[in-house]
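Residue-level structural notes
Residue-level listing of the chains:
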Amino acid sequence: NELDVQMSEVAFVNWNAGGDNAISALAKLEFERNYKFRYFQWDNSLEMRFGWNAQEGRQWRKTDDAIRLSSTLGYRRDTISSWYFSAKANFNTQFANGYKYPDRTTPISTFMAPGYLFIGGGTSYIPEGKKFNLYLSPLTFKSTFVLNQDLANQGAFGVQGAVRDADGNIINPGKKIYREMGILVTHKWEFPVAKNVVLDHNLELYTDYLNNFGNIDVNWQVTATFKVNDFISATLLAHVIYDDDIKFDTVEDDNGVVIDPGVPRIQFRQQLGIGVNYRF
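Just so we're clear, the structure is a prediction, and the values are computed from it rather than from any experiment. (Residues numbered from 1 in each chain as written. Predicted model: local features only at pLDDT ≥ 70, side-chain atom pairs only at ≥ 80, totals over all residues. Heavy atoms only, no water.)

Quick notes on the sheet that holds strand E1 (residues 2-10)
Sheet strands line up and pair through hydrogen bonds in the backbone, either parallel or antiparallel. Worth spelling out the cut-off: In this description, strands pair whenever DSSP reports at least two bridges between them. Strands are runs of DSSP state E lasting at least 2 residues, helices are runs of H or I lasting at least 4, and numbering of each runs from the N terminus. Lines fitted to the C-alpha atoms define the axes, with helices restricted to the stretch that makes contact. Angles between their N-to-C directions range from 0 to 180 degrees.
Ordered by their spatial adjacency, twelve strands build a closed barrel running E1-E2-E3-E4-E5-E6-E7-E10-E11-E12-E13-E18, and the pairing between neighbours is antiparallel. Taking each pair of neighbouring strands and ignoring which way they run, the sheet shows an average axis angle of 20 degrees. Bridge count between strand E13 (residues 232-242) and strand E18 (residues 267-279): ten bridges; the pairing is antiparallel. Following the sheet pairing, Thr 235 is matched in E18 by Gly 273.

This is the structure:
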């Protein structure tokens, strides 16, 4: 179990150069439950993150938000081999509404909008004594959930949008679930690069068999942890996402009819922080 809290603050009093008082915080809670005995290995992890920023003269804003649950069950034929027959399940969503600030009236994401569930089987390469895991699945079922009806009506995150008449009235509401079947490749590797510096690499690649096969969804996160002592550490994170089902610059007319569905774009997030880390 690991709890990590990072905070930053800036305050000004009669500061000639100007500036606004601000405070930012990021909390992360992570649990791992792993079991291994001869031919079997069962790895489970739950990660929850939430970050926010409050600045003088404006309401607080969300800076990070994630719920990630993963479970992998593996079986190998003997105790020498590093190859396992594996079954894997991943679930991802978020806690709170997301907005395109400064707009706070129309959420662009909510809890379970989106929510992602991956279930599949394949093979894993897990060498003994190393924090290395390569998972290859030729058959993975992916479900995208958009349980917010307003977002589902817009066709957000790849679900089928609402059918409207010429005046923009909804004839058939949007679907809340979008299902895919495809190939999933994941790679996790945690290794030391220097004294008290650990690099954590986590890559997910997915392509659907039926819809636009060969188009690859990418979710890649790299975190460098700089350990000061048992309780204080600094982290530098880079996160890249590309998902063909997430569109940007969507254009609607006055009746709410989508006249331009928008285009997918590469999403990038960078984060640097120092804080208190506690394992229990």
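Here we look at the packing of aromatic side chains
The criterion, for reference: Ring pairs shown here join Phe, Tyr and Trp side chains whose ring centres sit within 6.5 Å, with only the six-membered ring taken for Trp; geometry is labelled stacked below 30 degrees between planes, edge-to-face above 60, and tilted in between. Relative accessibility decides the category of a residue: with a 1.4 Å probe and only protein chains considered, values under 20% of the type maximum give buried, values over 50% give exposed, and everything between is partly exposed. By definition here, charges over rings are those cases where NZ of Lys or CZ of Arg is within 6 Å of the ring centre and within 35 degrees of the ring normal.
What the rule picks out here adds up to 13 aromatic pairs. Measuring from ring centre to ring centre gives 5.8 Å for Tyr 209 and Phe 213, while their planes differ by 10 degrees; the resulting arrangement is stacked. The exposure class assigned to Tyr 209 is partly exposed, which follows from its relative accessible area of 35%. Residue classification places Phe 213 among the exposed positions, given a relative accessible area of 53%. A network of ring pairs unites the aromatic residues Trp 83, Tyr 125, Phe 132, Trp 189 and Phe 191 as a single cluster. We note Lys 88 situated over the ring of Tyr 135; from NZ or CZ to the ring centre the distance is 5.4 Å.

Quick notes on a nonpolar patch on the surface
Basically, it comes down to this: Patch membership is restricted to residues that have no salt bridge and whose relative accessible area is over 30%. Joining uses 9 Å for like charges and 5 Å for the nonpolar side chains Val, Leu, Ile, Met, Phe, Trp and Tyr. With residues, only the protein chains shown are counted as cover, and all accessible areas are computed by Shrake-Rupley using a 1.4 Å probe. A pairing counts as a salt bridge when a side-chain nitrogen of Lys or Arg comes within 4 Å of a carboxyl oxygen of Asp or Glu.
On the surface, Leu 3, Val 5, Met 7, Ile 23, Val 228, Phe 231, Ile 232, Ile 274, Val 276, Tyr 278 and Phe 280 cluster together into a nonpolar patch covering about 1,000 Å² of accessible area. Where the nonpolar patch is concerned, the elements lending two or more residues are E1 and E18. Examined against the element boundaries, Ile 274 turns out to sit in strand E18.

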